[in-house]
Amino acid sequence: MKKIILLFVFTAFISCETKTVEVVKPAGEWLVGNWTGKKMIPGPEEDAQTAMDVIMGYADKDFELMMEKSADTVMFFPEKGGEIVELVKPFDDFLKSLQEPYDSIVRTPYNVYPIRPEGSDNFTIVTVPFTEIRYAKDGSVEKERVIERFWVVDGKVVRVNKWAAELNWTLK
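Here the structure is a predicted model, which is why all the values come from computation and not from measurement. (Residues numbered from 1 in each chain as written. Predicted model: local features only at pLDDT ≥ 70, side-chain atom pairs only at ≥ 80, totals over all residues. Heavy atoms only, no water.)

Moving on, we get to the side chain of Glu132. Within the element layout of this structure, Glu132 appears in strand S6 (residues 123-136). Here Arg107 takes part through its side chain, which lies 2.6 Å from a polar atom of the side chain of Glu132. Aside from chain neighbours lying at most four places away, what touches Glu132 is Ile105, Val106, Arg107, Glu142, Lys143, Glu144, Val146 and Lys162. (Helix = DSSP H or I, 4+ residues; strand = E, 2+ residues; numbered from the N terminus. Polar contact = N/O pair within 3.5 Å; in protein donor to acceptor, adjacent residues only side chain to side chain. Contact = heavy atoms within 4.5 Å.)

Quick look at a nonpolar patch on the surface now. A surface patch of nonpolar side chains, amounting to about 230 Å² of accessible area, comprises Val106, Tyr135 and Val141. Within the secondary structure, Val106 sits in strand S4 (residues 102-109). (Patch = residues over 30% accessible without salt bridge, like charges linked within 9 Å, V, L, I, M, F, W, Y side chains within 5 Å. Areas by Shrake-Rupley, 256 points an atom, 1.4 Å probe, with all protein chains shown as cover. Salt bridge = Lys/Arg side-chain N within 4 Å of Asp/Glu carboxyl O.)

By volume, the largest pocket is sized at about 430 Å³. Mapped by element, the contributors of at least two residues to the lining of the largest pocket are helix H2 (45-59), strand S2 (70-77), helix H4 (92-99), S4, S6, strand S7 (141-153) and strand S8 (156-166). Of the residues that constitute the lining of the largest pocket, the class distribution is 16 nonpolar, one polar and seven charged. (1 Å grid on protein atoms, 1.4 Å probe; cavity = no way out; pocket = protein on both sides within 12 Å on 5 of 7 lines; lining within 4 Å. Points joined across faces, edges and corners; volume = space filled by probe spheres on them. Nonpolar A, V, L, I, M, F, W, Y, C, P; charged D, E, K, R; others polar.)

You can see Thr124 is positioned in strand S6. A relative accessible area of 0% means that Thr124 is categorised as buried. One polar contact links Thr124 to Asp47, side chain to side chain, over a distance of 2.6 Å. Each residue touching Thr124, except ones within four places of it in the same chain, is listed here: Gly43, Pro44, Asp47, Pro114, Ile115, Arg116, Phe150, Trp151 and Val152. (Buried < 20%, exposed > 50% of the residue type's maximum accessible area, 1.4 Å probe, protein only.)

Note: most peptide bonds trans; most residues except glycine with negative phi. Cis peptide bonds are those with omega within 30 degrees of zero, and the linkage from Lys89 to Pro90 qualifies with -5°. Mapping Pro90 onto the fold places it in the loop between strand S3 (85-88) and H4. Positive phi, normally seen in glycine, also occurs at Lys61, with a value near 60°. Position of Lys61 relative to the elements: it lies in the loop between H2 and helix H3 (63-68). For Lys61, a relative accessible area of 38% puts it in the partly exposed group. Positive phi, normally seen in glycine, also occurs at Asp154, with a value near 55°. By the secondary structure assignment, Asp154 is in the loop between S7 and S8. A relative accessible area of 58% places Asp154 in the exposed class.

Moving on, we get to the environment of Met75. The topology assignment puts Met75 in strand S2. In sequence terms Met75 and Leu87 are twelve residues apart; their C-alpha atoms lie 6.2 Å from each other. Excluding its chain neighbours within four sequence positions, the residues that come into contact with Met75 are Ile84, Val85, Glu86, Val158, Arg159 and Val160.

On to H2, then. Here H2 contains 15 residues, and its C-alpha end-to-end distance of 21 Å stays within 8% of the 21 Å for a straight helix at 1.5 Å per residue. Following H2 by one or two positions, Lys61 adopts a phi angle in the positive range, close to 60°. (Expected span 1.5 Å × (residues − 1).)

The analysis is restricted to geometry; functional conclusions fall outside its scope.
So, in structure tokens, the structure goes:
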């Protein structure tokens, strides 16, 4: 009888399933605008992929992919000049003009991380730091460290902020 009870208890313990519940821990804080005071949480991987598609699409001259991933209007904040550039679809001619002096561009992203304010279900900020090496048609080579921050709303890029600095060492 003891063996049957022991077997029953043992079977009951083995058949118990433990569930792990992941809890997103908010961090940081939104400091200005509509989301002031809200904590930040991780954003969706799909929005991270959207930003990566745009970054690599530019390097690969895949302007069609960039148009597909962008909203009808994109606000671009370039690293120089201090002016906001409003890009209205189709803006592939603008992108081609930026690439005109170059034979090729190689981008090497370090990481990609999407964040969004708590309570948002359609707005994500995706930050991607990367190196960019531009091979000019005249034979010169330009190297930069770049950070681009994308605002993604409903799965489409609506804003891009760019920061860049010279890169004077070789990646290994």
